[in-house]
Amino acid sequence: MNKAVNDGVWSGSWVAERLGVELLGDPELTNLLGLALRRNPKRAHLLVSNVLGKHVPQSPSIVYGYGFTLGRRVRELLGTEESARAVVLGYAETATGLGHAVADGIAVAPYLHSTRRPVAGVATAGGFEESHSHATSHLLLPENPELLSGDGPLVLVDDEFSTGNTVLNTIRDLHERYPRGRYVVVALVDMRSAADAGRLDEFAAEIGARVDLVAAASGTVRLPAGVLEKGQELVARYEAGSQSSAAPSGLVAQFPAPLKDGGTGAVGSSSAAPSGLVAQFPAPLEDGGDAVEPGVSAEEAAPTLQPTPTPNPPGARGTARPAPTGPHPTHNRITRVDLRWPRNLPDGGRHGFTPQHRIRLERALPAMAARLAEALPQDAHRVHILGFEELMYAPLRLARELEQVVDAGVTYSTTTRSPVLAVDDPGYAIRTRLTFPAHDTPADGPGDRYAYNIAGAGFDAVVAVIDDTADTPELHAPDGLLARLAEHTPHVVLAVVPSYVPERPPMLPDPLRGPAFSSYAPEEVGWLLQDLSDVTLEAPTEEREEAIQSGGAHYAESLPVEYQPSEQYQQLFHTALDEAADRLALAVGAVTELVLAERSPHPVLVSLARAGTPVGVLMRRWAQYRHGLDLPHYAVSIVRGRGIDANALRWLAAHHDPADVVFVDGWTGKGAITRELTDAVREFEESDGITGFDPEIAVLADPGSCVKTYGTREDFLIPSACLNSTVSGLISRTVLRSDLVGPHDFHGAKFYRELAGADVSVDFLDAVAARFPEVSDAVTVLAKELLAADRTPTWEGWAAVERISEEYGIHDVNLVKPGVGETTRVLLRRVPWKILARAGAGADLDHVRLLAEQRGVPVEEVAELPYTCVGLIHPKYTRGATGADGKAVAV
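These numbers come from a predicted model, not from an experiment.

Each helix and strand counted, the chain has 22 helices and 34 strands in total. Within the chain, buried positions represent 59% of all 891 residues. Considering only contacts within the chain whose residues lie at least 6 apart along the sequence, 78% involve residues at least 24 apart.

Right, here's the structure in full:
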């Protein structure tokens, strides 16, 4: 709750009067900035922002609002398309929170900030120097190295631009590694000279890139001749005075009188406070009162503003009054509060922060702020949230959320590595200084750290928000930060945020492709699987069924012996394919058009292996035939009861936008896989924090009314269901077994190369794709009708399965397999009990009847059946329930 005017005085006037420094430019500059002094061989003066939340306590809504508004301006500048390709880069330590707020304003851009904290195991993606800073080396440590390698705009955010050197160094380093065509530079204030501004323009022309600038205000700093030497002399005189004043450690001491030739800059030195910000806390009166109440604007308090009394003789305006050094008289304890920070959610942008992370944080903030509120004293009127060096964004968001739920006035600032002189004068930006040892084991060794304008501010409670790397004995030491805070407030609350460190699992391999894995052409599909072809996984069907139903094994832990159909059955397949090719082509075209119209104009097709894979290939071929699109297509494993392959999702998220991913399957039965995928995606979002995957499956046929993206809801024969691997690229069902699939492995599958002589995978694809020209007009009509129709799933198939399960005494919906495709699978891979066929069903069931006859399974015609047929698995199977010929017996 500070502004650039204290007691009716601009908080830069003290330095301006003594050094002749002037701010020229936009009128709001003196609202945004004050001035202070520091020991620095290159620049003695320091521009102190009143809206950054670093040195000066300020309302978190104001701090966040400035950054967010700048982000909105960047989004308007770039437009929707370029904003979606942008990456935001903030500067440590001062602009880490500002840059994050800018990224929030853009909304769709990931965020990364530089850091001075090396992190073991995380590779450096770049670095640069900040020439005027006291600590110059910046590291870039993105978890995803590809974050900086795109060609979209790079948005660089700093709190101020004084010369532009830092930006030039950054662009120079990054452009050599990751060249791009556009940069946007963002700052609260642009204080470059005309010459410095020209250098940036020249550099942009030199590298052939466009550079735009967005700032809240602009101007220049006018520095008289010899200002550096005068500033250094002033600092030296201060330090000499400090050493002889016996001031308590960590506070400020008497400042020497102004230099005789220091100048008399009159920049707003006695003007009333401009509107738009809230007043800075003055130093407390001797009796503990405040010259200005928190939350009262300077305009409202102007009639009663008086110079702050000090213990020094009249006229000693340039003094810094020591604050109390003993424990606060009402201090009781330091309270630790568990925020319950979401698992795997980064605490900031040191390693990257995505829009998906932002969504997770927004959801968690209300509960975390409520826990903070519970830890505060009920009678607290003034609460300060103190962040920690580079950890600016998380404390800022917590402070802003807390501001919405408590009656107390809430302010925010952070500790810093930057040493700045403190002068308890209304015309000086840094009124008090707390000094304490570094408590995060910094790479450059131990040293002092600082918190400004906290001592003597009269806060009822201070909440220190740090990361767990900094929760060290030094933090809790008698001279540590917490003890220093306890000297100036009756209540200190400690909230520790887990410092996010990227886990580095082994690199996931590239997708397997034909002809090394599968008989499909390499461009048709990439398999996100591991090759288990050399492992014996097959077991007799009867053994597998007994183990599965007894609970002794999961169906995905072994494979059925590949059934090789008779010559009669293979001929039936070819006949069925010839008769159904038009119908299949129509459904392929329709579902692909729905995907392109409703899901994404450039979808990433992800088939559920293996039944979905031929359908995904056909959809890819349709998009190429009809629209000239070359869509990426992958196949992944999903296992009932175990979920989808999470490593496959991680690979997809690292290489594509999850929002573009469309899961593909052949057909729906009762909808078990649809539900499985929905649950699996939700669990993946919670565990990994990666959002955007849509679990809605696109299928050729949806007889169970389980999805809204389909080519038809009729239950008809899809010939690829008639066979196993020989119509699916010679790939087995997927395998998930703990001794074969580790935590960082894809699920497995086998490539049956030995069955190449019986392979009809490509024949099936070519036969359907050959009909595309004939059905093209019909697809246009059907797609239009589907887009206009109410396709809301009714789940009537699930209801029918539950009814059948009870009517036939099975009492397990997993043993009821509805639809032509699922019934065929029962006959090929499981131990069937009986087949229910809709009365009057014709050629669509010829292959089912043949298989049932060969396996001795009865076919029962049913008048009222929502599916063409339903396969029933033997409900209480043991090997003793088979006849002497190995066929299933009636029960």
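There's more to say after this.
Turning our eyes to something else, we now look at unusual backbone geometry. The omega angle of the peptide bond from alanine 92 to glutamate 93 is -5°, so this bond is cis rather than trans. Structurally, glutamate 93 can be placed in the loop between strand S6 (87–90) and helix H4 (96–106). Residue alanine 609 is joined to arginine 610 through a cis peptide bond whose omega torsion reads 5°. In this fold, arginine 610 is placed in the loop between strand S24 (604–609) and helix H15 (612–627). With a phi close to 55°, serine 705 is a non-glycine residue in the positive phi region. Among the structural elements, serine 705 can be located in the loop between strand S28 (697–701) and strand S29 (709–712). Residue serine 705 is classed as buried on the basis of its relative accessible area of 4%.

As a further point, take the packing of aromatic side chains. For the coordinates displayed, the defined rule picks out 13 aromatic pairs. With a centroid separation of 6.3 Å and 40° between ring planes, the pair formed by phenylalanine 663 and phenylalanine 693 is classed as tilted. Taken together, the residues span a long stretch of sequence, with phenylalanine 663 in strand S27 (residues 661–667) and phenylalanine 693 in the loop between helix H17 (672–688) and S28 at a distance of 30 residues. Three or more aromatic residues joined by ring pairs make a cluster, and in this case those are Phe517, Tyr520, Trp527 and Phe751. Across from the ring centre of tryptophan 795, 4.6 Å away, lies the NZ or CZ of arginine 675, which sits over that ring. The ring of tryptophan 833 is capped by lysine 834, whose NZ or CZ atom sits 4.6 Å from the centre of that ring.

By way of backbone hydrogen bonds, the strands of a sheet pair with one another, either parallel or antiparallel. What the five strands build is an open sheet, ordered S13-S19-S18-S14-S15; its pairing is parallel. The open sheet terminates on both sides in strands that have one partner only, identified here as strand S13 (334–337) and strand S15 (409–414). The average angle at which neighbouring strand axes cross in this sheet is 20°, direction not considered. By the bridge criterion, six bridges tie strand S14 (residues 382–387) to S15 in an arrangement that is parallel. The residue of S15 that forms the bridge with leucine 386 is serine 413. Along the sheet face, helix H9 (residues 355–375) touches S13, strand S18 (461–467) and strand S19 (492–497) and points at about 160° away from the line of S13.

Confidence in the prediction of the chain, expressed as mean pLDDT, is 82, and 83% of residues score 70 or more. In this model, residues 131–136 is a region of pLDDT below 50 whose contacts with residues beyond four sequence positions or in other chains number 21 contacts. In this model residues 243–332 is a low-confidence stretch, pLDDT under 50, and it forms 200 contacts with partners more than four residues away in sequence or in other chains.

The full count for this structure, using the stated rule, is 36 salt bridges. Between arginine 182 and aspartate 212 there is a salt bridge; the shortest N-O distance is 2.9 Å. Pair noted here: arginine 182 is in strand S11 (residues 182–190) and aspartate 212 is in strand S12 (residues 210–222), with a separation of 30 residues, a long-range link. The pair arginine 182 / aspartate 212 is uniform in exposure class, with both members buried. Close ionic contact of arginine 621 with aspartate 766 constitutes a salt bridge, the shortest N to O distance being 2.9 Å. Placement of the pair is arginine 621 in helix H15 and aspartate 766 in helix H18 (residues 761–769), with a sequence separation of 145 residues. Overall, arginine 621 belongs to the buried group, its relative accessible area being 17%. Here the salt bridges share partners, and the residues they tie into one network are Glu524, Arg620, Arg621, Asp630 and Asp766.

Reading the values: the criteria
Residues numbered from 1 in each chain as written. Predicted model: local features only at pLDDT ≥ 70, side-chain atom pairs only at ≥ 80, totals over all residues. Heavy atoms only, no water. Helix = DSSP H or I, 4+ residues; strand = E, 2+ residues; numbered from the N terminus. Buried < 20%, exposed > 50% of the residue type's maximum accessible area, 1.4 Å probe, protein only. Contact = heavy atoms within 4.5 Å. Phe/Tyr/Trp six-rings, centres within 6.5 Å; stacked < 30°, edge-to-face > 60°. Lys NZ or Arg CZ within 6 Å of the ring centre and 35° of its normal. Pairing = 2+ DSSP bridges. Axes fitted to C-alpha atoms, helices over the stretch in contact; angles between N-to-C directions. pLDDT = per-residue confidence, 0-100. Salt bridge = Lys/Arg side-chain N within 4 Å of Asp/Glu carboxyl O.

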